[in-house]
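# Residue-level structural notes
Listed below, chain by chain, are the residues.
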Amino acid sequence: MTQLLTDATIQAQASRLSGWTVEGSKLQTTRKFKDFIAAIEFVNKLVEPAESSGHHPDIEISYNKVTISLTTHDAGGLTQKDFDVAQTISRIS
């Protein structure tokens, strides 16, 4: 099982991620797009990195807004995997 990060490590790593916040045991961001089609195109770009890393985000789509939540379910909270995937997602436009 992957090791949970300490609160201090979580806060330090979160402070280096623009647009992401820690919400309880999740790392979360919301992106807004011009319309539903652009939002879906963005979500489709998440498939390959998620599959490659073996770590899949929870995704909520509401018309032109996409909310991405990351947590390591089997560890019960935030691990390095979550921050690694968040950094990858941050580079996707």
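Thresholds applied
- Residues numbered from 1 in each chain as written.
- Predicted model: local features only at pLDDT ≥ 70, side-chain atom pairs only at ≥ 80, totals over all residues.
- Heavy atoms only, no water.
- UniProt positions renumbered as here; feature names shortened; annotations may be inferred.
- Helix = DSSP H or I, 4+ residues; strand = E, 2+ residues; numbered from the N terminus.
- Rg over C-alpha atoms; globule rule 2.2 N^0.38 Å.
- Buried < 20%, exposed > 50% of the residue type's maximum accessible area, 1.4 Å probe, protein only.
- Contact = heavy atoms within 4.5 Å.
- Areas by Shrake-Rupley, 256 points an atom, 1.4 Å probe, with all protein chains shown as cover.
- Lys, Arg positive; Asp, Glu negative; His and termini not counted.
- Charge placed at Lys NZ, Arg CZ, Asp CG, Glu CD.
- Arc of directions from axis to C-beta.
- Polar contact = N/O pair within 3.5 Å; in protein donor to acceptor, adjacent residues only side chain to side chain.
- Patch = residues over 30% accessible without salt bridge, like charges linked within 9 Å, V, L, I, M, F, W, Y side chains within 5 Å.
- Salt bridge = Lys/Arg side-chain N within 4 Å of Asp/Glu carboxyl O.
- Pairing = 2+ DSSP bridges.
- Axes fitted to C-alpha atoms, helices over the stretch in contact; angles between N-to-C directions.

As annotated in an unreviewed UniProt entry, the protein is Putative pterin-4-alpha-carbinolamine dehydratase from Nodularia spumigena UHCC 0060. What the UniProt record of the protein gives under Sequence similarities (unreviewed entry) is the line "Belongs to the pterin-4-alpha-carbinolamine dehydratase family." For the record of the protein, the UniProt heading Catalytic activity (unreviewed entry) holds the text "(4aS,6R)-4a-hydroxy-L-erythro-5,6,7,8-tetrahydrobiopterin = (6R)-L-erythro-6,7-dihydrobiopterin + H2O".

Another point: the overall build of the protein. When helices and strands are counted, the protein shows four helices and four strands. Taken over C-alpha atoms, the radius of gyration comes to 13 Å for the protein, in line with the 12 Å a tight globule of 93 residues would show. Taking the principal axes of its C-alpha atoms as reference, the protein extends roughly 40 × 25 × 20 Å. Looking at the protein as a whole, 40% of its 93 residues are labelled buried. Sequence separation of 24 or more characterises 65% of the internal contacts of the protein that already satisfy a separation of 6 or more. Of the roughly 5,500 Å² that the protein leaves accessible, carbon and sulfur atoms contribute 50%. Counting 9 positive and 11 negative side-chain charges, the protein places the centres of these two groups 7 Å from one another.

Buried residues of helix α2 (residues 36–45): A38, A39, F42 and V43, and no others. Taken around the axis of α2, the buried residues stretch over an arc of 140°, which confines them to a single face. Facing away from the buried side of α2 by over 90 degrees, the exposed positions are I37 and N44. The N-terminus of α2 is capped by D35, whose side-chain oxygen sits 3.3 Å from the backbone nitrogen of I37.

On to a nonpolar patch on the surface. On the surface, a cluster of nonpolar side chains totalling about 480 Å² of accessible area is made up of F36, I37, I59, I61 and Y63. In this fold, F36 is placed in helix α2.

The next subject is the sheet that holds strand β3 (residues 58–62). Read across the sheet, four strands follow the order β1-β2-β4-β3 without closing on themselves; strand pairing throughout is antiparallel. Single-partner strands in this sheet number two, and they are β1 (21–23) and β3. On average, each strand axis in the sheet is inclined to that of its neighbour by 30°, with strand direction left out of account. As paired elements, β3 and strand β4 (residues 65–70) share five bridges and run antiparallel to each other. Bridging across to β4, I61 finds its partner in V66.

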